[in-house]
Amino acid sequence: MSLSLVSSNRCFSGTQYIYRHASAATQTDMTFAAYIPPQAEKGPCPALFFLSGLTCSEENATVKAGYQRLAAELGLVVIAPDTSPRGDTVANDERYFLGQAASFYVNATQDPWAAHFQMERYIAEELYDLVLGALPVQAGKIGITGHSMGGHGALTLAMRHPERFASLSAFAPVVAPSQVEWGQVAFAAYLGENTDAWAEHDACALVLSRGWKGDMLIDQGDADAFLETNLRTPLFEAACQQAGQSAQIRYQPGYDHSYYFVASFIEDHMRFHAERLTA
């Protein structure tokens, strides 16, 4: 599979790239951002996947999160994929929490979504293998994080594919999609009405049924307008306690759901992953 270079920019002695490629999983062209730190000149480096949230693309985290300086210091490749397939032939919906830019990182089984919305397969298999083969990424040393819907994706993909991801964190994740409007609408559309299928993509259910092999870091702003309605972080905290799952869940006073919040705590997350990926 070949990569087409969209752009490259020198950044903190490394390079921020944007690539495009034809995806077998989504049957569309997909774009992703890849920051390559200066340490990669000497050999492969550990990598961190950053999954973005509803309405976003690879650009949001790449431009707003401020991870490049830390990635250059710590020697981390950072991969930021798009949030869904896109294009005139791809199904969409007028609601912002369904359709393009709102994949919830699942493999859809229902029409009209199933033809293109295969985002779990895309992230955890196709893109994962692609970056290992095409970029200076160290095998077995890949972590995952994300924001909001992307935080949901990070938690669920890590627990569903523990052999692929070695470290895990999230910013303001949707932890109980089966119990909130965003997730209920999306899961019914993508996966059908069988709630047992929903549970396989619900972090609260997964931590009880599968768990995570290590510890995790979650930051949540206590002034987040979505906290009580669609994020429901305390439910995940309770599930972790019930499961005996190691998790540091921090409620940050005064912070909202924006990338100002993400940028404020990105250093903690980058260092968290670096410690576990370089151990």
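Keep in mind the model is a prediction, meaning the values are calculated, not measured. (Residues numbered from 1 in each chain as written. Predicted model: local features only at pLDDT ≥ 70, side-chain atom pairs only at ≥ 80, totals over all residues. Heavy atoms only, no water.)

Focus on the nonpolar core
Logical step 1: One finds Phe32, Leu155, Tyr190 and Phe236 to be the most contacted residues of the largest nonpolar core, which totals 95 residues.
Logical step 2: Beyond its immediate stretch of four places on either side in the chain, Tyr190 contacts Leu98, Gly99, Ala102, Ser103, Val106, Ala108, Thr109, Gln110, Trp113 and Phe117. (Core = buried A, V, L, I, M, F, W, Y, C linked by side-chain atoms within 4.5 Å. Buried < 20%, exposed > 50% of the residue type's maximum accessible area, 1.4 Å probe, protein only. Contact = heavy atoms within 4.5 Å.)

Here we look at helix 3 (residues 119-134)
Logical step 1: Of all the bends in helix 3, the greatest measures close to 30° and is centred on Leu127.
Logical step 2: Buried within helix 3 are the following residues: Met119, Glu120, Tyr122, Ile123, Ala124, Glu126, Leu127, Tyr128, Leu130 and Val131.
Logical step 3: Buried residues along helix 3 sit in contact with strand 2 (14-22), strand 3 (29-36), strand 4 (45-51), strand 5 (77-81), strand 6 (137-146) and helix 4 (149-160). (Bend = angle between axes of the 7 residues up to and from the residue. Helix = DSSP H or I, 4+ residues; strand = E, 2+ residues; numbered from the N terminus.)

Overview of the pairing of strand 1 (residues 4-11)
Logical step 1: Pairing geometry for strand 1 and strand 2, over seven bridges, is antiparallel. Pairing of Asn9 across the sheet is with Gln16, part of strand 2.
Logical step 2: In this antiparallel pair of consecutive strands, strand 1 and strand 2, the connection spans two residues, and Phe12 shows a positive phi of 50°. (Pairing = 2+ DSSP bridges.)

Side note on the pattern of salt bridges
Logical step 1: All chains considered together, the criterion is met by 13 salt bridges.
Logical step 2: The salt bridge involving Asp129 is made with Arg164; its shortest N-O contact spans 2.9 Å. A residue pair is termed long-range when its members are at least 10 positions apart, and Asp129 in helix 3 and Arg164 in the loop between helix 4 and strand 7 (167-171) qualify at 35 residues. (Salt bridge = Lys/Arg side-chain N within 4 Å of Asp/Glu carboxyl O.)

Description of the pairing of strand 2
Logical step 1: When strand 2 meets strand 3, the two strands line up antiparallel, connected through eight bridges. Looking at strand 3, one finds that Tyr17 is bridged to Ala34.
Logical step 2: The turn joining strand 2 and strand 3, which pair antiparallel and follow one another in sequence, is formed by six residues; a positive phi near 60° is taken by Gln27.

Description of the sheet that holds strand 6
Logical step 1: Taken together, nine strands build an open sheet; the order of strands is 1-2-3-5-4-6-7-8-9 and the sheet is mixed. Across the chains shown, the open sheet's two edge strands, defined by having one partner strand only, are strand 1 and strand 9 (248-252). Averaged over neighbouring strand pairs, the angle between their axes works out to 20° when direction is ignored.
Logical step 2: Across the sheet, helix 4 is in contact with strand 4, strand 6, strand 7 and strand 8 (217-221); its angle to strand 6 comes to roughly 135°. (Axes fitted to C-alpha atoms, helices over the stretch in contact; angles between N-to-C directions.)

Observations concerning the confidence of the model for the protein
Logical step 1: In the predicted model, the protein carries a mean pLDDT of 98, and the fraction of residues at 70 or more is 100%.
Logical step 2: Mean pLDDT values for the elements of the protein range from 97 in helix 6 (residues 195-199) up to 99 in strand 7. (pLDDT = per-residue confidence, 0-100.)

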